[in-house]
Amino acid sequence: MQKELVAVCADLGVTLITYSPLALGLLTGKYGEGGVKAPTAIRSLAFRKAAPKCGPLLRELERVGEECGGLTQGQVALAWCVAKGTVPIPGAKTAAQVEQNFGALGADLTASQCAALERAAEESGARVQQNIFQTE
């Protein structure tokens, strides 16, 4: 999420909707070592570029989740979006994923946790192109 966009929306009283807040599933940790095989076909293009860079952010999501009583990486990612004043709209293919996403409700991240996540995101430098036709 671009910081400038968030600031402008806040100034205008506009609620920002976070599209694909789990970065096509990358921020759930499910594609890590021993996890689910990465997507194939068109979606694999986004993963090949971003997945190798996500380590610092995934580790921080996991650390914050442990601090918050056992939240998953995906739940922390969604709570982080909410903490930034946005409304995340995560996708889900299964009922279990919907339940997992609902687990983020009520999670309150501290300012220091959000700052640590921001630093880890900046350190990773990973960007996931959500739409193959979108430009940066």
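Residues numbered from 1 in each chain as written. Predicted model: local features only at pLDDT ≥ 70, side-chain atom pairs only at ≥ 80, totals over all residues. Heavy atoms only, no water.

Caption draft 1: Spatial organisation of the overall build of the protein. On a plain count of helices and strands, the protein comes out with 6 helices and 2 strands. Secondary structure of the protein in N-to-C order comes out as α-β-α-α-α-β-α-α. Within the protein, the proportion of its 136 residues that are buried is 35%. Excluding contacts between residues fewer than 6 apart, the proportion of contacts in the protein whose partners are at least 24 apart in sequence is 72%. Element-wise, carbon and sulfur atoms account for 57% of the exposed surface of the protein, whose accessible area totals about 8500 Å². (Helix = DSSP H or I, 4+ residues; strand = E, 2+ residues; numbered from the N terminus. Buried < 20%, exposed > 50% of the residue type's maximum accessible area, 1.4 Å probe, protein only. Contact = heavy atoms within 4.5 Å. Areas by Shrake-Rupley, 256 points an atom, 1.4 Å probe, with all protein chains shown as cover.)

Caption draft 2: Highlighting the side chain of T18. Position of T18 relative to the elements: it lies in strand β1 (residues 16–19). A polar contact of 2.6 Å, which involves the side chain of T18, links it to the side chain of T86. (Polar contact = N/O pair within 3.5 Å; in protein donor to acceptor, adjacent residues only side chain to side chain.)

Caption draft 3: Helix α1 (residues 3–12), seen in detail. By the criterion of burial, α1 is predominantly exposed, with just 1 of the 10 residues buried. Backbone geometry just after α1 places G13 at a positive phi near 75°.

Caption draft 4: Inspection of the pattern of salt bridges at higher detail. Going through the model one piece at a time under the given rule, you end up with 3 salt bridges. Linking R63 and E60 is a salt bridge whose minimum nitrogen-to-oxygen distance equals 2.5 Å. Placement of both R63 and E60 in helix α3 (residues 55–67) is noted, with a separation of 3 residues, approximately one turn of the helix. E67 is paired through a salt bridge with R63; the nearest N and O atoms lie 2.3 Å apart. Separated by 4 residues within a single helix, E67 and R63 lie in helix α3, roughly one turn from each other. (Salt bridge = Lys/Arg side-chain N within 4 Å of Asp/Glu carboxyl O.)

Caption draft 5: Layout of helix α6 (residues 111–124). Helix length check: α6, at 14 residues, gives a terminal C-alpha distance of 20 Å against a target of 20 Å (1.5 Å per residue), a fit within 8%. By the burial criterion, the buried members of α6 are Q113, C114, A116, L117, E118, A120 and S124. On its buried face, α6 sits against α1, α3 and α4 (73–83). The first or second residue beyond α6 is G125, which carries a positive phi of 70°. (Expected span 1.5 Å × (residues − 1).)

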